[in-house]
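Read off the chains here:
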Amino acid sequence: MPNYQYRVVPAPQKGLKAKGVRTPEARFANALADLMNTMGAEGWEYQRAETLPSIERAGLTKTTTEWRNVLVFRKLREDDLSNFTPELLAAPAPVALDAKDDGMEAPAEEIVEDAADAFETEDEHPGGQDGAIRMLSDNGVEELSDVAGMTNSLERLAASRKPKETSD
């Protein structure tokens, strides 16, 4: 439901002179039309005319009731969010993914080969081929004593990290 703000202004009591307007009724209508056009130019919409009581002082101790004619105008509040229309953005263009580009730096086979090559000599690993090597995997810590066992474990680890293929 829209929110409005209201403005109440006194109705004109005297007519407004203008060219070609001669009678008192026409001058009064001209004053009323001028007031309504001025308010309409500011965005105010005319609603109704009201005659309302106004209690006023008369002398030092008395009060009297005077009846006042007022005009009621309204317009939508500027901070009303129901008038807000969001701008829709264009959908992003679809991105074609290359079949080889799965976000990994190297394919799983290359990772297994590189890891197996790293443990082939005693110089590159302090435990050497004969020493027990511990490797962290999804199933826990595996203790490996030879390069063949390491290679098999690395292949299993790489296979478990590959995205599963789905068939439609």
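Note: the structure precedes this text.
The rules behind the values
Residues numbered from 1 in each chain as written. Predicted model: local features only at pLDDT ≥ 70, side-chain atom pairs only at ≥ 80, totals over all residues. Heavy atoms only, no water. Helix = DSSP H or I, 4+ residues; strand = E, 2+ residues; numbered from the N terminus. Buried < 20%, exposed > 50% of the residue type's maximum accessible area, 1.4 Å probe, protein only. Contact = heavy atoms within 4.5 Å. Core = buried A, V, L, I, M, F, W, Y, C linked by side-chain atoms within 4.5 Å. Salt bridge = Lys/Arg side-chain N within 4 Å of Asp/Glu carboxyl O.

## Observations concerning the overall build of the protein chain
Working step 1: Helix and strand content of the protein chain: three helices and five strands.
Working step 2: Looking at the protein chain residue by residue over its 168 residues, the buried ones come to 20%.

## Here's the deal with the environment of lysine 62
Working step 1: Examined against the element boundaries, lysine 62 turns out to sit in strand 3 (residues 62-76).
Working step 2: Setting aside chain neighbours within four positions, we find lysine 62 in contact with Glu56 and Arg57.

## Concerning the nonpolar core
Working step 1: Counting six residues, the largest nonpolar core is built from Val9, Ala11, Met39, Trp44, Leu71 and Phe73.
Working step 2: Excluding its chain neighbours within four sequence positions, the residues that come into contact with methionine 39 are Arg7, Val9, Trp44 and Phe73.

## Considerations on the pattern of salt bridges
Pairs may arise between side chains of opposite charge once their charged atoms sit close together.
Working step 1: Evaluation of the coordinates by the stated rule reveals four salt bridges.
Working step 2: With a shortest N-O distance of 3.6 Å, glutamate 42 and arginine 7 are connected by a salt bridge. Remark: arginine 7 occurs in strand 1 (residues 4-10) and glutamate 42 occurs in the loop between helix 1 (24-41) and strand 2 (45-58); sequence separation between them is 35 residues.
Working step 3: On the basis of relative accessible area, glutamate 42 is assigned to the partly exposed category, the value being 43%.
Working step 4: Note that arginine 74 and glutamate 45 form a salt bridge whose closest N and O atoms lie 3.7 Å from each other. With arginine 74 in strand 3 and glutamate 45 in strand 2, the pair connects residues that are 29 residues apart, well separated along the chain.

## Here we look at the side chain of arginine 74
Working step 1: Assessed through its relative accessible area of 18%, arginine 74 is described here as buried.
Working step 2: Beyond its immediate chain neighbours, meaning those up to four positions away, arginine 74 contacts Tyr4, Gln5, Tyr6, Gly43, Trp44, Glu45 and Gln47.

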